[in-house]
Number of protein chains: 2
Amino acid sequence: MSTQHGRYLALTGGVGGAKLALGLSKILPPEQLTLVVNTGDDFEHLGLHISPDIDTLVYTLSSECNPETGWGRRNETWQFMQALKQLGGETWFNLGDRDLAMHVQRTRLLRGGETLTGVTARLASALDIRHTILPMSDDAVRTRVNTADGWLDFQHYFVREQCAPAVTGFEYRGASAAQINPAVVKAVRVEQLAGIIICPSNPFASIDPILALPGMRALLRDASAPVIAVSPVVGGAAIKGPTVKMMRELSLPQSASAVAAHYQAHTPGMLDGFVIDRLDRHCQAEIEDMNLAVQVCPTVMQSLSDRICLAEHCLEFLQDLRRTDQARR
Amino acid sequence: MSTQHGRYLALTGGVGGAKLALGLSKILPPEQLTLVVNTGDDFEHLGLHISPDIDTLVYTLSSECNPETGWGRRNETWQFMQALKQLGGETWFNLGDRDLAMHVQRTRLLRGGETLTGVTARLASALDIRHTILPMSDDAVRTRVNTADGWLDFQHYFVREQCAPAVTGFEYRGASAAQINPAVVKAVRVEQLAGIIICPSNPFASIDPILALPGMRALLRDASAPVIAVSPVVGGAAIKGPTVKMMRELSLPQSASAVAAHYQAHTPGMLDGFVIDRLDRHCQAEIEDMNLAVQVCPTVMQSLSDRICLAEHCLEFLQDLRRTDQARR
């Protein structure tokens, strides 16, 4: 394991991003890694405040994550859902008995006036997580998906409709009035910043909501350290979730290059480098033509060592980019 | 099983009262029996609206009740509570995984604007209960207990402190501004009314909150059919709960007679008869001296047939009282 200096920031959504975040957390001690999480797919359900991406990250980092699904808790039971169904309740969003404690406790603390940042820190700490997990904002941002069936709240699209409706666009409701989490601003502007990693999460549903916060694009563009993104698309397929299906429906090419192009078009100047899988080596020249350095390495994370390996590749890539930058000056 | 005519009303709290209510429901078809439930020990906990007495009655009538405790659901699991404890949540009030569905669904429906009466009907119906269960009021009444340690919310006294503090008095907060459930008024004033039964529930914590509603005492006193109460005290002990401990702390004799005296003193003219156990036969004369008819029968309900047997004794007693009343006219 390489010894790293400086501080790193990782921007992440749920399952795929959380895998890389776990890898990073195994290399970098808590004081060197801050995780910034999408809250655009947070929602109110059954009177509870549910933060799916925060939960996935918290469960992943605490080894509580269900290894079969990538979300939810291991050794989960479903007595609550069965009883709710019997009572005629809404059962399209699965809430395990153990998982439910997270939502009930979060909701209670939020209603008591704590910020989502404070609540997240407290719940992560209760599960012995020592790395800092920061919600992108303490204000509500709600990702909505425009589809052939009309606008849908993200979880309605994602879980209830199982991503079936064809996507025509996105809206990050509330984003323009939301404030970036001040702790995120601080973490980006820290003197020892050594790099920022955009995890292999869905660009439209997990990363764009973060970038939609006023000032976020400029903050990342002006960061004193390089910014890289890891492609969530490998060999023309998404490892997990609807990324590729969305790209097809949005008439985008379904490739790693198209993800790079999306970030370059919507957030020019943010990225310094892009990480692609060896399967996508043929995309390298095309992405380099976008003025991005390219790292080619295994990006499919099945085992824990895959996660750590990709994390190490990311940190080495950032180190290379820092050196190149210094040589240029 | 005797064939009964007319309509009956039973006023009840939790465990003890629910047992008799179950017995009554086995004799009387839904159109002949209405159950009026105490909501004075309802409370908000973990952001959920919990109605302990309604739940106990609903679970009892639907055969969902945990036979070991008398409250909560059978085949219950406790994954949620364990996870909540791990997250640093409040765990003094036990909420089973299956029971939780009831609180979540009720809370959600109440927040959506439904009345507690409407929600209760809907949830009871989902569990195939055909008898009508009416909360005493759709307005909030909160029983508070004055103790040597100061005022406590009822569940704090009852569950968190396990009834340890010595009781000096009670308050039914909100009662004076609460409206009797209009469906209760209607059920009492119905032409076919054949009798009203006050179940063997705690007089202070389960029945007095119902009687504290403005107009309730007059409504029951002026009912066109006899009103009887079943003593929750048998042989100087309470079958369940803190009734006798409370009586001692309030410097009342710990006897069936003292329960009758309590009702006669605080709600004069309401009761026509009083049901005591055979163990308390020695109290009969004393209670008759209070101008009450007395029925002596087995009142301890262990089996289902005990519950049905006591219910039959109650209905026969009411029939006798109706005959006596007619003979007098």
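By convention here, each chain's residues receive numbers from 1 onward along its written sequence. Just so you know, chain letters begin at A and ligand numbers begin at 1, following the order they were written in. Residues qualify for local features only when their pLDDT is at least 70, as the model is predicted, and side-chain atom pairs are given and counted only at 80 or more; totals for whole chains, interfaces and linings, by contrast, use all residues. Think of the side-chain values as coming from all heavy atoms in the structure, minus any hydrogens and water.

Undergrad: Give a description of helix α11 (residues 256-266) of chain B that names residues and reports values.
TA: Exposure categories follow from relative accessible area, calculated using a 1.4 Å probe and restricted to protein chains: below 20% of the type maximum is buried, above 50% is exposed, and the middle band is partly exposed. Working definition: helices are DSSP H or I runs of at least four residues, strands are E runs of at least two. Numbering for both runs from the N terminus. Within α11 of chain B, eight of the 11 residues are buried, which leaves it mostly tucked inside the rest of the structure. If you check which residues of α11 of chain B are buried, you get A256, S257, A258, V259, A260, H262, Y263 and Q264 of chain B.

Undergrad: Which residues make up the packing of helix α3 (residues 79-86) of chain A against helix α4 (residues 97-111) of chain B, and what are the values?
TA: Note on definitions: angles span 0 to 180 degrees between N-to-C directions of axes, and those axes are lines fitted to C-alpha atoms, for helices only across the stretch in contact. For the pair α3 of chain A and α4 of chain B, the least separation of the axes is 7 Å and the interaxial angle reads 50 degrees. Judged by the angle between their axes, α3 of chain A and α4 of chain B are oblique. In the crossing of α3 of chain A with α4 of chain B, the sense of the turn from one axis to the other is right-handed. Contact residues: Q79, F80, A83, L84 and Q86 of chain A in α3 of chain A; D97, R98, L100, A101, V104 and Q105 of chain B in α4 of chain B. Classes in brief: Ala, Val, Leu, Ile, Met, Phe, Trp, Tyr, Cys and Pro nonpolar; Asp, Glu, Lys and Arg charged; the others, Gly included, polar. Across the contact of α3 of chain A with α4 of chain B, the residue classes tally to six nonpolar, three polar and two charged. An angle below 35 degrees is read as roughly parallel, one above 145 as roughly antiparallel, one from 65 to 115 as roughly perpendicular, and any other as oblique. Take the far helix as your reference; a near helix turned counterclockwise from it by less than a right angle gives a left-handed crossing, and one turned clockwise gives a right-handed crossing. The criterion used for residue contact is that any of the two residues' heavy atoms lie within 4.5 Å.

Undergrad: Quick one: what's the story with the sheet that holds strand β8 (residues 167-173) of chain A, residue by residue and with numbers?
TA: Pairing between sheet strands relies on hydrogen bonds along the backbone, with the strands arranged either parallel or antiparallel. Residue and element names in this part refer to chain A. Two strands pair under a simple rule: DSSP has to find at least two bridges between them. An order of β7-β6-β8 is seen for the three strands of this open sheet, with the pairing classed as antiparallel. The open sheet has two free edges, formed respectively by β7 (150-153) and β8, since each of these has just one partner strand. The mean inter-strand angle of the sheet, taken between neighbouring strand axes irrespective of direction, is 25 degrees. Strand direction decides the pairing type here: strand β6 (residues 142-147) and β8, joined by six bridges, are antiparallel. Bridging across to β8, V145 finds its partner in F170.

Undergrad: Can you lay out the sheet that holds strand β10 (residues 227-230) of chain A for me, pointing to particular residues and giving the numbers?
TA: All names here are of chain A. Taken in spatial order, the seven strands of this open sheet run β5-β2-β1-β9-β10-β13-β14, and their pairing is parallel. A strand with exactly one partner marks an edge of an open sheet, and here the two such strands are β5 (132-135) and β14 (293-296). Here the strands of the sheet are splayed against their neighbours by 20 degrees on average, with no regard to which way each runs.

Undergrad: Any details on the environment of D53 of chain A? Residues and values, ideally.
TA: All names here are of chain A. Secondary-structure assignment places D53 in helix α2 (residues 52-61). Placed 11 residues apart in sequence, D53 and D42 show a C-alpha to C-alpha distance of 7.8 Å. If we skip the residues at most four places from it in the chain, D53 touches G13, G14, V37, N38, D41 and S206.

Undergrad: Describe the interface of chain B and chain A, and please don't skip the residues or the numbers.
TA: Taken together, the 27 residues of chain B in the interface contact 27 residues of chain A. Put simply, buried area is how much 1.4 Å-probe accessible surface two parts lose in total, over both of them, once they are put together. Surface buried jointly by chain B and chain A totals about 2,400 Å² across both partners, of which 62% is contributed by carbon and sulfur atoms. It is Q79, Q86 and L87 of chain B in chain B that bury the most area against chain A; as a group they hold 26% of the surface buried on that side. Throughout this description, the term salt bridge denotes a Lys or Arg side-chain nitrogen within 4 Å of a carboxyl oxygen of Asp or Glu. Counting the contacts that link chain B with chain A gives two salt bridges. Salt-bridge contacts for E90 of chain B lead to R108 of chain A; the nearest nitrogen and oxygen are separated by 2.7 Å. Here a polar contact is taken to be a pair of N or O atoms separated by no more than 3.5 Å, where protein atoms must pair a possible hydrogen donor with a possible acceptor and residues adjacent in sequence count only if both atoms sit in side chains. At the junction of chain B and chain A, the tally comes to six residue pairs in polar contact (both at pLDDT 80 or more). Counting residues per element, the ones that place at least two in the side of chain B that touches chain A are α3 (79-86), α4 and α5 (116-126) of chain B. A total of nine residues in the side of chain B that touches chain A trace back to one element, the largest contributor, which is α4 of chain B. In terms of residue class, the side of chain B that touches chain A is built from 12 nonpolar, eight polar and seven charged.

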